[in-house]
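Coordinates in review
Here are the chains, one letter per residue:
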Amino acid sequence: MARLQPVRGTHDLLPDDARRFRHITETFRKIAERYGHQEIATPIFEFTEVFSRSLGETTDVVTKEMYTFEDRSGDSITLRPEYTAGIARAFISNGLQQEVPCKFFGWGPMFRHERPQKGRLRQFHQLDVEILGVGEPQADIEVLALAHDLLTALGLGDKVTLELNSLGDLESRTAYRAKLLEFLERYEADLSEDSRTRMRKNPLRVLDSKDEGDKRIVADAPLLIGHLNASSAAFFAAVQDGLGALGVPHVVNPRIVRGLDYYSHTAFEFTTTALGAQGTVLAGGRYDGLVGELGGPATPGIGWASGIERLAMLVENMPEAPRPVALVPVGDGAEREALKLAHQLRQAGLMIDLGYKGNMGKRMKRADKIKARAAVIVGEDELERGVVALRDLDAGTQSDVPLADLAAVLAALN
Ligand code: ATP
Ligand code: MG
């Protein structure tokens, strides 16, 4: 096998892709900051138990998808498959309970050993938002409004639907679990092997199964939303009311589950029909039990993550790439002057691309190729007169410009 290939499920970000990414991450940063979130970055790898304990031993991510290895000290290390666990760990290790509410945002690579397909990679990238230390529905409303604003700013407002559910509090879930288990036991023989193993540990996970047979069975299962106690129902109503007040459209989908014990109340996904089977572009929920589960002080939390690759496939209107000015020396004597001139113009804040070699025709071709806004032709004779020739590549006009005015003239081009 040729080894000079990227590892399956990984991608190079060539300049065009990198620009799309940057557009998404910069839009994200701007909007997250508007909501008072602050940037955080945690390591790309953690001790394995950070993830196995946060995500739960029965999830697909933990049972099948983690990149786990023993390092040279014999520690079990895992490349992060998602952001929340690392942030919860950082919250505990840095004693941030003193500073709640903590409102974070971050983004970066995540790693999951999945079967690669469109919109499903082994190294992918997520945007992530978390609020720690707020148990009130305002936090749910605000993280959802932030998500909505982001998707709208990226031009995806009409392409996605916010699907919302409530998992209720522990009391509601416990009552529901018993009913669900009773239902699943009736169909046990027909369930997939994964679901049979999971149903007694965590029957909610079976609702999330991607197996077609399981999906048919659970289509008739009782719904959690029908088992919410009064305070859970009130919490859910407050979230929906807040979304209504902010004009964030949503539909209730009682089938959204994040089947972990410490997930509670709000669970949601922004979905699209434009990406085939990989239709979830942003997903999250409330995880009031997570920090406690990891050994920290009981702290409510809510957040979401969004796959940058999936967003990048949907974004249509990209801002124009900034255009450089091409500097084209003509004749040996001009080379050295052009090098210096390029340096001066860059010091003045201009984006300058210096043609390194070839005759003028060849360098002008490069200027076209890099979509230069203008070309500055630096000839020996002109230099003696203290001017250069400026060619406006959009207008197709050319004129001499005194060297002393050049930076200002270039800066005025748009
Ligand atoms: P899916 O149902 O598509 O497997 P998930 O439930 O595993 O998604 P989350 O763990 O909730 O996904 O991650 C949040 C978001 O991260 C997803 O909605 C998606 O946009 C993105 N994402 C998850 N896994 C991948 C992947 N392997 N490649 C690309 N993006 C991904
Ligand atoms: Mg997945």
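Remember, predicted model here, so these are calculated numbers, not experimental data.

Observations regarding the side chain of Asn 165
- Looking at the secondary structure, you find Asn 165 in strand 7 (residues 161-166).
- At 2.7 Å, the side chain of Asn 165 and the backbone oxygen of Ile 256 are in polar contact.
- Leave out the neighbours within four places in its chain, and Asn 165 touches Ile 225, Phe 236, Asn 253, Pro 254, Arg 255, Ile 256, His 265, Thr 266 and Ala 267.

Looking at the environment of Val 387
- Assignment of secondary structure puts Val 387 in strand 15 (residues 387-392).
- Here the alpha-carbon distance between Val 387 and Leu 403, two residues 16 residues apart in the chain, equals 5.1 Å.
- When neighbours within four sequence positions are excluded, Val 387 is seen to be in contact with Glu 382, Asp 400, Val 401, Pro 402 and Leu 403.

Here we look at the site of ligand 1
- Around ligand 1, a shell composed of 16 residues is seen, among which Arg 112, Glu 114, Arg 120, Leu 121 and Gln 126 lie nearest.
- Gly 307 places a main-chain nitrogen or oxygen 3.1 Å from an oxygen atom of ligand 1.
- Taking 590 Å² as the accessible area of ligand 1 by itself, protein coverage stands at 86%.
- Secondary-structure elements contributing two or more residues to the shell around ligand 1 are strand 6 (123-132), strand 10 (280-286) and strand 11 (301-307).
- Sort the elements by how many residues they give to the shell around ligand 1 and strand 10 lands first, with 4 residues.
- Across the shell around ligand 1, the residue classes tally to 6 nonpolar, 4 polar and 6 charged.

Remarks on the environment of His 265
- Tracing the sequence through the fold places His 265 in strand 9 (residues 264-271).
- Overall, His 265 belongs to the buried group, its relative accessible area being 10%.
- Between the C-alpha atom of His 265 and that of Glu 193, which follows or precedes it by 72 residues, the distance is 29 Å.

So, the nonpolar core
- Among the nonpolar cores identified, the biggest contains 78 residues, and Phe 270 and Trp 304 are the most heavily contacted of them.
- Per-element tally for this core: the top contributor is helix 5 (residues 137-153), with 9 residues.
- Among residues more than four places away in sequence, those in contact with Trp 304 are Phe 28, Leu 127, Asp 128, Val 129, Val 143, Leu 146, Ala 147, Leu 150, Phe 268, Leu 282, Ala 283 and Gly 284.

With respect to the UniProt feature "binding site: L-histidine" (unreviewed entry) in the protein chain
- Sequence positions flagged by UniProt for "binding site: L-histidine" (unreviewed entry) are, in local numbering, Glu 82, Tyr 83, Thr 84, Arg 112, Gln 126, Glu 130, Arg 258, Tyr 262 and Tyr 263. Restricting the annotated residues to those that line the largest cavity leaves Glu 82, Thr 84, Tyr 262 and Tyr 263.
- On the secondary structure map, Glu 82 appears in the loop between strand 4 (76-79) and helix 4 (84-93).
- Under the relative-accessibility criterion, Glu 82 is labelled buried at 11%.
- Contact partners of Glu 82, with chain neighbours within four places excluded, come to Phe 51, Leu 55, Met 110, Arg 112 and Gln 126.
- Looking at the secondary structure, you find Tyr 83 in the loop between strand 4 and helix 4.
- A relative accessible area of 1% places Tyr 83 in the buried class.
- Sequence-distant contacts of Tyr 83, that is, excluding residues within four places in its chain, are made with Ile 40, Ala 41, Thr 42, Gly 106, Trp 107, Gly 108, Met 110, Gln 126 and Asp 128.

Comments concerning the pattern of salt bridges
- Evaluation of the coordinates by the stated rule reveals 21 salt bridges.
- Across the pair Glu 212 and Lys 215 runs a salt bridge, and its minimum N-O distance is 3.5 Å. With Glu 212 and Lys 215 both in helix 9 (residues 212-218), this residue pair falls 3 residues apart, about one helical turn.
- Measuring nitrogen to oxygen at the nearest pair gives 2.8 Å for the salt bridge that ties Asp 288 to Arg 286.
- The buried category is assigned to Arg 286, whose relative accessible area is 0%.
- If you follow the salt bridges from partner to partner, you end up with Asp 60, Lys 64, Asp 194 and Arg 198 in one network.

The rules behind these values
- Residues numbered from 1 in each chain as written.
- Chains lettered and ligands numbered in written order.
- Predicted model: local features only at pLDDT ≥ 70, side-chain atom pairs only at ≥ 80, totals over all residues.
- Heavy atoms only, no water.
- Helix = DSSP H or I, 4+ residues; strand = E, 2+ residues; numbered from the N terminus.
- Polar contact = N/O pair within 3.5 Å; in protein donor to acceptor, adjacent residues only side chain to side chain.
- Contact = heavy atoms within 4.5 Å.
- Near = heavy atom within 4 Å.
- Areas by Shrake-Rupley, 256 points an atom, 1.4 Å probe, with all protein chains shown as cover.
- Nonpolar A, V, L, I, M, F, W, Y, C, P; charged D, E, K, R; others polar.
- Buried < 20%, exposed > 50% of the residue type's maximum accessible area, 1.4 Å probe, protein only.
- Core = buried A, V, L, I, M, F, W, Y, C linked by side-chain atoms within 4.5 Å.
- UniProt positions renumbered as here; feature names shortened; annotations may be inferred.
- 1 Å grid on protein atoms, 1.4 Å probe; cavity = no way out; pocket = protein on both sides within 12 Å on 5 of 7 lines; lining within 4 Å.
- Salt bridge = Lys/Arg side-chain N within 4 Å of Asp/Glu carboxyl O.

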